[in-house]
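Geometric and topological summary
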Amino acid sequence: MSNNLKILAIIFLLFIAIIITLFVRKNKISIKYSIIWYFMCLILAILTLFPNLLGLVTNFFGIQIASNMVFAIMIGGLFIITISLTIIVSIQKEQIKNLIQEISILKNKK
Amino acid sequence: MKKARILIIIPAYNEEANILNTYKKIMDYNKNNNTNYDVLVINDGSTDNTEMFLKEFNIPHIKLIENLGIGGAVQTGYKYAYENNYDIAVQFDGDGQHNVEYVKDIIDPIISGKYDLCIGSRFILPDQEGFKSSKARRIGIKMISSLIKIFTGKKIYDPTSGFRAINKDIIKDFSSIYPMEYPEPISYISLLRKNYKIKEVSVVMNERTGGKSSIHTWKNIYYMINVSLSIFIESIKRYKDVK
């Protein structure tokens, strides 16, 4: 990995982290759900700064090219994020349903 | 003995063509048979004139502020029944499929205290008259029935019937948790696992007199997958409050 590429990758990750922080600051992402994104940025940053670490893991699993390992890690991370989003949506659907029911019952009480 | 307080819950989504008739039939029945079934229509965010009819004819109803679908609508009725301390809640279709004369038949087993839930069933007698749905749907119903039998050991002949009565315990249970989609077959798994007693009595149903059925043909495959999966998941859930 060339130094230029490393710098680019770090800048990109910082950019993502800053965007997440800005959204958290504006209350558009809650702290609870921002953590997983910071965590993902952190892992990718570590792998960028210490490529040997990636080599170790790649060799361990017998993967030929290090970049494939990066893809695998990222896809894994995205899986976790999407599943957690599905959970959040399902919980919210239940909560919204309960709200609709309670409000409707209250509204029609005379 | 104090007379049981009975609430008939009628979920209605765009039922302007039928709702008034359904309500009138129940009121006439009350008058002629000296019963006092209360009625509560749940207007599930109808986009037609259902609400206008309900208001104009003073039909007791709750208008949901958003459309919730059949499960959420009926559950609103159960929550109302629970808050208002009803002894029995009867689920009843607003589209003219169900006959009020049979309400007595499905609440009797519950009043006797022997059963917790009673289904008005189309398929219990082999040569039963009345409307029995299309052939494709009957096959689907048979499959669901077998699935329930496999997972709980109990045969329910008409697991998709939307005509059923429940007692106080189940009213409480349903007001806290009730399936949002295709609630009837799925709810039997959890009820049977919680050792509630379920009875089926034979009723005659009519073909819909107007409006559109909530289950469309193209959704049938999705329906079967969804119900089968739900039955399986429901069978491996953990319950805290087993009777």
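Basis of the calculations
- Residues numbered from 1 in each chain as written.
- Chains lettered and ligands numbered in written order.
- Predicted model: local features only at pLDDT ≥ 70, side-chain atom pairs only at ≥ 80, totals over all residues.
- Helix = DSSP H or I, 4+ residues; strand = E, 2+ residues; numbered from the N terminus.
- Rg over C-alpha atoms; globule rule 2.2 N^0.38 Å.
- Buried ≥ 20, exposed ≤ 12 C-beta atoms within 10 Å, placed from the backbone.
- Contact = placed C-beta atoms within 7 Å.
- Core = buried A, V, L, I, M, F, W, Y, C linked by C-beta atoms within 7 Å.
- Pairing = 2+ DSSP bridges.
- Axes fitted to C-alpha atoms, helices over the stretch in contact; angles between N-to-C directions.
- Parallel < 35°, antiparallel > 145°, perpendicular 65-115°, else oblique.
- Left-handed = near helix turned anticlockwise from the far one by under 90°.
- Nonpolar A, V, L, I, M, F, W, Y, C, P; charged D, E, K, R; others polar.

**Some thoughts on the overall build of chain A**
If you tally the helices and strands in chain A, you get four helices and zero strands. Over its C-alpha atoms chain A spans a radius of gyration of 21 Å, topping by over 25% the 13 Å that the globule rule assigns to 110 residues. In terms of its C-alpha atoms, chain A occupies a principal-axis envelope of roughly 75 × 30 × 15 Å. Counting every position in chain A, which comprises 110 residues, the buried fraction comes to 6%. Of the contacts made within chain A by residues no fewer than 6 positions apart, 44% connect residues no fewer than 24 positions apart.

**Observations concerning the nonpolar core**
I8, I9, I42, A89 and V90 of chain B are the most contacted members of the largest nonpolar core, which has 63 residues in total. Apart from the residues lying within four places of it in its own chain, the contact partners of I9 of chain B are L40, I42, V74, G77, A89, V90, Q91 and F92 of chain B.

**Side note on the pairing of strand β5 (residues 117-121) of chain B**
All names here are of chain B. Most of β5 sits inside the fold, with five of its five residues counted as buried. In β5, alternate side chains face the same way, and those of L117, I119 and S121 on one face and C118 and G120 on the other are all buried. Here three bridges tie β5 to strand β6 (residues 164-167), and the two strands are oriented antiparallel to one another. The partner of I119 across the bridge, within β6, is R164. Alignment of β5 against strand β7 (residues 198-202), held across five bridges, turns out to be parallel.

**Considering the packing of helix α7 (residues 183-193) of chain B against helix α8 (residues 220-236) of chain B**
Residue and element names in this part refer to chain B. Contact pair α7 / α8: the axes reach a minimum separation of 9 Å and the direction vectors enclose 15°. Taken as axis vectors, α7 and α8 run roughly parallel relative to one another. As α7 runs across α8, the sense of the crossing is right-handed. Packed against α7, whose contacting residues are P185, I186, I189 and S190, the element α8 presents V227, S230, I231, E234 and S235 at the interface. For the contact of α7 with α8, the per-class residue count stands at five nonpolar, three polar and one charged.

**Structural notes on the interface of chain B and chain A**
Chain B puts 12 residues into the contact, and the matching count from chain A is seven residues. The element best represented in the side of chain B that touches chain A is helix α3 (residues 69-83) of chain B, accounting for five residues. Residues that form the side of chain B that touches chain A fall into these classes: six nonpolar, three polar and three charged.

**Digging into the packing of helix α5 (residues 135-152) of chain B against α7 of chain B**
Residues and elements named next belong to chain B. At a minimum axis separation of 10 Å, α5 and α7 run at an interaxial angle of 20°. As summarised for this structure, α5 and α7 are arranged roughly parallel, according to the angle between their axes. Here α5 runs over α7; the crossing is right-handed. In this structure, α5 contributes I144, I148, F151 and T152 to the contact, and α7 contributes P185, Y188, I189, L192 and R193. Split into classes, the residues belonging to the contact of α5 with α7 amount to seven nonpolar, one polar and one charged.

**Some details on the sheet that holds β5 of chain B**
Residue and element names in this part refer to chain B. Here we have seven strands laid out as an open sheet, ordered β3-β2-β1-β4-β6-β5-β7, and mixed in their pairing. Each end of this open sheet is capped by a strand with a single partner; those strands are β3 (61-63) and β7. Between one strand axis and the next, the sheet turns by 20° as a mean value, whatever way the strands run. In the sheet, strand β4 (residues 88-91) pairs with β6 via four bridges, with the strands oriented antiparallel. Its bridge partner lying in β6, V90 is registered against A165. Lying on the sheet, helix α6 (residues 168-176) is in contact with β4, β5 and β6; it crosses β6 at an angle near 100°.

Keep in mind these values describe shape, not function.
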